[in-house]
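Structure assessment
Residue-level listing of the chains:
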Amino acid sequence: MSVGVGFIGAGVISDTYLANLSTFPDVRVVVVGDLDVERARAQAEKHGVAEWGSAADVLAHPDVQVVVNLTIPAVHVEVSSQAIAAGKHVWTEKPLGLDRDGTSALLRQAEAAGLRIGCAPDTVLGPGFQTAKRAIESGLIGEPMFASTVFQTIGPDLWHPNPAFLFAQGAGPLLDMGPYYVTGLVSLFGPVSRVAALGRKKLEERTIQTGPQAGTSFAVEVPTTVQVLAEFEAGQQATSLLSFDSALERHGVFEVHGTEGSLSLPDPNQFEGRIAYTKGRSALSDGDWGEQEWIDVEQIGAVTGRGLGLLEMVRAIAEQRPHIASGELGYHVLDVMLSAAESAESREFVTVSSSVPAVPALPAGFDPFAATL
Ligand SMILES: NC(=O)c1ccc[n+]([C@@H]2O[C@H](COP(=O)([O-])OP(=O)(O)OC[C@H]3O[C@@H](n4cnc5c(N)ncnc54)[C@H](O)[C@@H]3O)[C@@H](O)[C@H]2O)c1
């Protein structure tokens, strides 16, 4: 029997969720809600969902068992908390919340109510990242020692019709794009123990470049370039560049270096991608530096998109086991990012106070398109 899902938030990212969830037999979308009811109606009609309305309509709907929270970060905790109070499980877009107090209170509220919270990103549950995770766990590159990740673009004001929230508290490259990279690192290495970071801002004000509001300016509240140095409880180290200030577009760089080789992983904001490793050069003959040899790893698992983590959560509820993209993981990732923001202010290392258990791999045979419930 499929699980009933209701959406709160019918903006840009709702298209991909609505399209993907309709391909999973274990879930069915029953209602789409938004502050802007017309937007909810348009998205419901476009994707063949019979009902639409306000957030309150979604919360009151008897067939909704899981609320998908696709609102802006400033109201993530408020909307998730209302859903828990209404007796619904929650899948929320990232970040889980804006601050530690509100977010941990939300997790306690859910636990007391016996309800689940799942948190994006679920991209790292895709077959690309998961194949790489299994390869690392099998010892392909020996003991992982350090990682480097890069996300740099000119900024999402280039393409988002309503981008102010992406430059406000709760976003910027650190909290908007950081979740993909930090969740990827934590799912490989476990919890982060301490971070240091530096931040800069190219512009105090930006201008919307696309859609009906093009030409409107808005304030940039947070640093738009952040460089993070992280140390993990198990000893690994990572550097992560996150920038909305770079004319040179380069993103999805995610490399793990081990005692026996280096692995290039897929973009943690995608569900698939190239996985390749190198074992390093053998002794140079005649001073010939040539190209380093890269060996591809075959990606295993069905390819899908956003909504995979929600699907894994509803199956985990039915099987009475923990789900992978948990609120607890989302909280630790948020804590790491807030600690990095604090370090960029104080210019000191910041100890990360939360921890999280090792993040399990998704079984290779997980089939999103099978009916299991
Ligand atoms: N746009 C992307 O490519 C993308 C990708 C991945 C994740 N996300 C995440 O998804 C979330 C939404 O992003 P988006 O780009 O769709 O934003 P958006 O601004 O296009 O849409 C947000 C929607 O939420 C609605 N909303 C806001 N507050 C509400 C409330 N209190 N009750 C009901 N509805 C409310 C707004 O009316 C709007 O329709 C963000 O957390 C973002 O980080 C976005």
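As a reminder, the structure under discussion sits directly above these lines.
Quick look at the structure, then. (Residues numbered from 1 in each chain as written. Predicted model: local features only at pLDDT ≥ 70, side-chain atom pairs only at ≥ 80, totals over all residues. Heavy atoms only, no water.)

1. Some details on helix H9 (residues 308-319)
If you check H9, its first and last C-alpha atoms are 16 Å apart, about what 12 residues at 1.5 Å a residue would give, namely 16 Å. Burial of H9 is extensive: nine of the 12 residues sit out of reach of the surface. Each element contacted by the buried residues of H9 is listed here: strand E1 (3-8), helix H1 (14-21), strand E2 (27-33), strand E4 (66-69), strand E5 (89-92) and strand E6 (117-119). Trailing H9 by a residue or two, Gln-320 shows a phi angle of about 55°, which is positive. (Helix = DSSP H or I, 4+ residues; strand = E, 2+ residues; numbered from the N terminus. Expected span 1.5 Å × (residues − 1). Buried < 20%, exposed > 50% of the residue type's maximum accessible area, 1.4 Å probe, protein only. Contact = heavy atoms within 4.5 Å.)

2. Describing a nonpolar patch on the surface
Nonpolar side chains collect at one region of the surface, where Val-12, Ile-154, Leu-158 and Trp-159 lie side by side and expose about 370 Å² of accessible area between them. Its place among the elements puts Ile-154 in the loop between strand E7 (144-152) and helix H7 (172-176). (Patch = residues over 30% accessible without salt bridge, like charges linked within 9 Å, V, L, I, M, F, W, Y side chains within 5 Å. Areas by Shrake-Rupley, 256 points an atom, 1.4 Å probe, with all protein chains shown as cover. Salt bridge = Lys/Arg side-chain N within 4 Å of Asp/Glu carboxyl O.)

3. A look at the pattern of salt bridges
Scanning all chains against the criterion turns up 16 salt bridges. The salt bridge partner of Asp-335 is Arg-100, with a shortest N-O separation of 2.6 Å. Taken together, the residues Asp-335 in helix H10 (residues 327-346) and Arg-100 in helix H5 (residues 100-113) connect sequence positions 235 residues apart. Judged by its relative accessible area of 1%, Asp-335 falls in the buried class. With a relative accessible area of 22%, Arg-100 lands in the partly exposed category.

4. Here's the deal with the site of the ligand
The environment of the ligand is formed by 24 residues, the closest being Val-12, Ile-13, Asp-34, Arg-39 and His-160. Taking Asp-34, its side chain carries an N or O atom lying 2.6 Å from an oxygen atom of the ligand. For the ligand, whose unbound accessible area comes to 830 Å², protein coverage reaches 88%. Of the residues assigned to the shell around the ligand, the class counts are 13 nonpolar, five polar and six charged. (Near = heavy atom within 4 Å. Polar contact = N/O pair within 3.5 Å; in protein donor to acceptor, adjacent residues only side chain to side chain. Nonpolar A, V, L, I, M, F, W, Y, C, P; charged D, E, K, R; others polar.)

5. Some points on the packing of aromatic side chains
Per the stated rule, a full pass over the model turns up nine aromatic pairs. With a centroid separation of 5.1 Å and 85° between ring planes, the pair formed by Phe-189 and Phe-232 is classed as edge-to-face. Within this pair, whereas Phe-189 is found in helix H8 (residues 178-189), its partner Phe-232 is found in strand E11 (residues 225-232), the two being separated by 43 residues in sequence. Grouping residues by exposure puts Phe-189 and Phe-232 together as buried. An aromatic cluster of three or more residues is present, and its members are Phe-129, Phe-151, Phe-167, Tyr-181, Phe-218, Phe-244 and Phe-254. Geometry around Phe-349 places Arg-194 over its ring, the cationic atom sitting 4.1 Å from the centre. Here the basic side chain of Arg-315 rests over the ring of Phe-366, its NZ or CZ set 4.6 Å away from the ring centre. (Phe/Tyr/Trp six-rings, centres within 6.5 Å; stacked < 30°, edge-to-face > 60°. Lys NZ or Arg CZ within 6 Å of the ring centre and 35° of its normal.)

6. What about the environment of Gly-53?
Inspection of the secondary structure puts Gly-53 in strand E3 (residues 51-53). Discounting chain neighbours no more than four positions away, the residues touching Gly-53 are Val-32, Gly-33, Asp-34, Val-37 and Ala-40.

7. Structural notes on the pairing of E7
Most of E7 is tucked away, with seven of its nine residues classed as buried. Of the pairings in the sheet, the one linking E7 to strand E13 (residues 250-258) comprises eight bridges and is antiparallel in character. Note on E13: the bridge partner recorded for Thr-149 is Phe-254. As paired elements, E7 and strand E12 (residues 237-243) share seven bridges and run parallel to each other. Looking at the pairing, Phe-151 lines up with Leu-242 of E12. (Pairing = 2+ DSSP bridges.)

8. Quick look at the sheet that holds E13
Spatially, the nine strands line up as an open sheet ordered E16-E15-E14-E13-E7-E12-E11-E8-E17, and their pairing is mixed. Across the chains shown, the open sheet's two edge strands, defined by having one partner strand only, are strand E16 (295-296) and strand E17 (350-351). In this sheet, E17 lies alongside strand E8 (residues 192-200) in antiparallel orientation, the contact comprising two bridges. Its bridge partner being in E17, Arg-194 is matched across the sheet by Thr-351. Set on the sheet, H8 makes contact with E7, E8, E11, E12 and E13; between it and E13 the angle comes to about 15°. (Axes fitted to C-alpha atoms, helices over the stretch in contact; angles between N-to-C directions.)

9. Let's talk about the sheet that holds E1
Overall, parallel pairing links the six strands, which are arranged E3-E2-E1-E4-E5-E6 in an open sheet. Looking at which strands have only one partner, the edges of the open sheet turn out to be E3 and E6. With direction set aside, neighbouring strand axes in the sheet form an average angle of 25°. Across four bridges, the pairing between E4 and E5 is parallel. Bridged to Val-68 within E5 is Trp-91. Packed onto the sheet, H1 meets E1, E2, E4 and E5 and runs at close to 170° relative to E1.

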